[in-house]
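This is what each chain is made of:
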Amino acid sequence: MVLRVSVGIIGAYSLKYESRSQLEAWDMIRESIKGVLNSVDKGIDPRDIELVIVSNFSDGYGNLLHSGPLAVDYLGNPSAKAFRVENACVSGSTALYIAYNFLKAGLARNALIVGFEKMSTQPSGSAANEILAKAAHPLEIVAGASFAGLYALIAKAYMDKYGLKEEDMALVAVKNHENAVRNPLAQFRRKITIEEVLSSQYVAWPLKLMDSSPLTDGAAALIVSAEPKMYTDTPAYIKGISMAHDKPGVFQREDMAMLRAIKEAADNAYRQAGVTARNINVFEVHDAFTIAEIVIYEMLGLAERGKGASLLKERTVWFDGSHPVNVSGGLKAKGHPIGATGVGMLAEVFWQVRGEAGERQVKDAEIGLVENHGGTGATVVVTILSR
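Conventions and cut-offs
- All residue numbers refer to position in the chain's written sequence, counted from 1.
- In keeping with the model being predicted, local features are shown solely for residues with a pLDDT of at least 70 and side-chain atom pairs are shown and tallied solely at 80 or more, while totals for entire chains, interfaces and linings include all residues.
- Here the side-chain values reflect all heavy atoms present in the structure, with hydrogen atoms and water set aside.
- Every angle, taken between N-to-C directions, lies between 0 and 180 degrees, and every axis is a line fitted to C-alpha atoms, over only the stretch in contact when it is a helix.
- Strands are runs of DSSP state E lasting at least 2 residues, helices are runs of H or I lasting at least 4, and numbering of each runs from the N terminus.
- In what follows, roughly perpendicular refers to angles from 65 to 115 degrees, roughly parallel to angles under 35, roughly antiparallel to angles over 145, and oblique to any angle outside these ranges.
- Crossings are classed by handedness, with left-handed meaning an anticlockwise turn of the near helix from the far one by less than a right angle and right-handed meaning a clockwise turn.
- What makes two residues a contact is simply this: any of their non-hydrogen atoms within 4.5 Å.
- Residue polarity follows a fixed list, in which Ala, Val, Leu, Ile, Met, Phe, Trp, Tyr, Cys and Pro are nonpolar, Asp, Glu, Lys and Arg are charged, and the others, Gly among them, are polar.
- Pairing of aromatic rings covers Phe, Tyr and the six-membered ring of Trp, with a centre-to-centre limit of 6.5 Å; geometry is then stacked below 30 degrees between planes, edge-to-face above 60, and tilted otherwise.
- Throughout, exposure labels follow a simple rule: accessible area from a 1.4 Å probe, protein chains only, divided by the maximum for the residue type, with under 20% read as buried, over 50% as exposed, and the rest as partly exposed.
- Criterion for a charge above a ring: Arg CZ or Lys NZ at most 6 Å from the ring centre, at most 35 degrees from the ring normal.
- Any carboxyl oxygen of Asp or Glu that lies within 4 Å of a side-chain nitrogen of Lys or Arg is treated as forming a salt bridge with it.
- Arc definition: directions from the helix axis to the C-beta atoms.
- Put simply, a patch holds well-exposed residues, over 30% relative accessible area, that have no salt bridge, with like charges counted together within 9 Å and Val, Leu, Ile, Met, Phe, Trp or Tyr side chains within 5 Å.
- Under the convention used here, a 1.4 Å probe and the Shrake-Rupley method define accessible areas, while residue burial counts only the protein chains that appear.
- In this description, a nonpolar core means a group of buried Ala, Val, Leu, Ile, Met, Phe, Trp, Tyr and Cys residues linked to one another through side-chain atoms lying within 4.5 Å.

Q: Summarise the packing of helix H1 (residues 25-39) against helix H2 (residues 67-75); cite the residues concerned and give the values.
A: Their axes nearest at 10 Å, the elements H1 and H2 cross at an angle of 45°. It follows that H1 is oblique to H2 by the angle criterion. Two packed elements cross with a definite hand, and for H1 against H2 that hand is right-handed. Contacts between H1 and H2 involve Trp-26, Ile-29, Arg-30, Ile-33 and Leu-37 on the former and, on the latter, Ser-67, Leu-70, Ala-71, Tyr-74 and Leu-75. Residue composition of the contact of H1 with H2, by class: 8 nonpolar, 1 polar and 1 charged.

Here it is as structure tokens:
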């Protein structure tokens, strides 16, 4: 039986995302736990946190497994129950999805979520991407397909169907880099031009280096409560949270120009929250490649099929637009430390709906949405947070 409780995020913390952190993976976990405990307005006793979930993608990044009990030790509550979750790039939001359901079922009162990845432990970018590619369909893996190549298939299908141009995708990168300038936690805090994007080298035509999110070291943490008002007067309530799946291989899908599971998860989260896309004030979405953000606009209901790029041209999704997307800089410029990515996206929207995002604060942001997906959209979690 699911209890009628209001679950909310009561604290959030994030390290600065970096290309090469001086911290070891375990140091990232320890610092994130200390930071998130200190972020709770009214304080929280570690003994009141009964559940700990650590999210990360691979021991190939950071050389660390069995991280649950380590996090419990850093928390300082040996009675807490802990485990690690891996769900490709959606590991962080999956951790929240599990914690939310634990709390709704009355199996815990408070949960700590820690996401981390130290991707710089690999000797080269190609070695790091080889690990990441294992999240694809087995036939894509044995064919040697990279994630850039798989998203390039999505981009080519979309271009053929709707007439999208490379300069349209470049606008996503330009927008998100401009947003990252306002974010002290971002990996790349500099503006770029369309010309820079278009002149960058191809990684898998039609996608270029500047269409792609980077390899990143980083960690972030959340505390979630079934009694949020005990710990803060301004929690970010989880009004809707939904998981959905698509075929794991791009080649298996009837329409490669869409990411069907995003629409399914979003529609369900909207129903739970009693809202539509037009009610959302700020969005954080999974722009692993620029084409993904354009497709996501459509899957979330911000634009009709084939019309996603118009939101960029009309500035609807820019920082000063009516529906700003990725004001943090997104994965493209803030960074993409896989296990931490979803946790960091949720932290950003937590700060936004509390009015604590500083220079990047969206005016009157009361409702925010996080779309986080793994693989090429094979797993999706959409979360709606509200004051």
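Q: Can you break down the packing of aromatic side chains residue by residue, with the values?
A: Scanning the model with the defined rule gives 4 aromatic pairs in all. Consider the rings of Tyr-158 and Tyr-162, whose centres lie 4.8 Å apart with planes at 55°: the pair is tilted. With Tyr-158 and Tyr-162 both in helix H6 (residues 147-162) and 4 residues apart, this pair spans about one turn of that helix. Note on Tyr-158: relative accessible area 1%, which makes it buried. Residue classification places Tyr-162 among the partly exposed residues on the basis of a relative accessible area of 27%. Lying across the ring of Phe-319, Arg-182 places its NZ or CZ 4.1 Å from the centre. The side chain of Arg-315 reaches across the aromatic face of Trp-318, ending 4.1 Å from its centre.

Q: How would you summarise the pattern of salt bridges if you had to cite specific residues and measurements?
A: Scanning all chains against the criterion turns up 25 salt bridges. Where Arg-47 meets Asp-45, a salt bridge forms, and the shortest distance between an N and an O atom there is 2.7 Å. Given a relative accessible area of 61%, Arg-47 falls into the exposed group. The class of Asp-45 is partly exposed, set by a relative accessible area of 27%.

Q: Give me the lowdown on helix H4 (residues 125-132), citing residues and values where you can.
A: The set of residues buried in H4 consists of Ala-127, Ala-128, Ile-131 and Leu-132. Projection of H4 onto a plane perpendicular to its axis shows the buried side chains occupying an angular sector of 145°, all on one side. Facing away from the buried surface of H4 by more than 90 degrees, the exposed residues are Ser-126 and Glu-130. Of the surrounding elements, those touching the buried residues of H4 are H6 and helix H13 (338-353).

Q: Provide a residue-level description of a nonpolar patch on the surface, including the pertinent values.
A: On the surface, Leu-139, Ile-141, Val-142 and Phe-251 cluster together into a nonpolar patch covering about 400 Å² of accessible area. On the basis of relative accessibility, which here comes to 45%, the residue Phe-251 falls in the partly exposed class.

Q: Give a detailed account of the nonpolar core, specifying residues and quantitative values.
A: Counting residues in each nonpolar core, the largest one holds 108 residues, and the members touching the most others are Tyr-270, Phe-283, Ile-291 and Leu-300. Here Tyr-270 is in contact with Val-275, Thr-276, Ala-277, Ile-280, Phe-283, Leu-300, Leu-369 and Ile-384, once residues within four sequence places are set aside. Counting 25 residues, the second-largest nonpolar core is a separate cluster that includes Ile-10, Ile-33, Ala-219 and Tyr-231.

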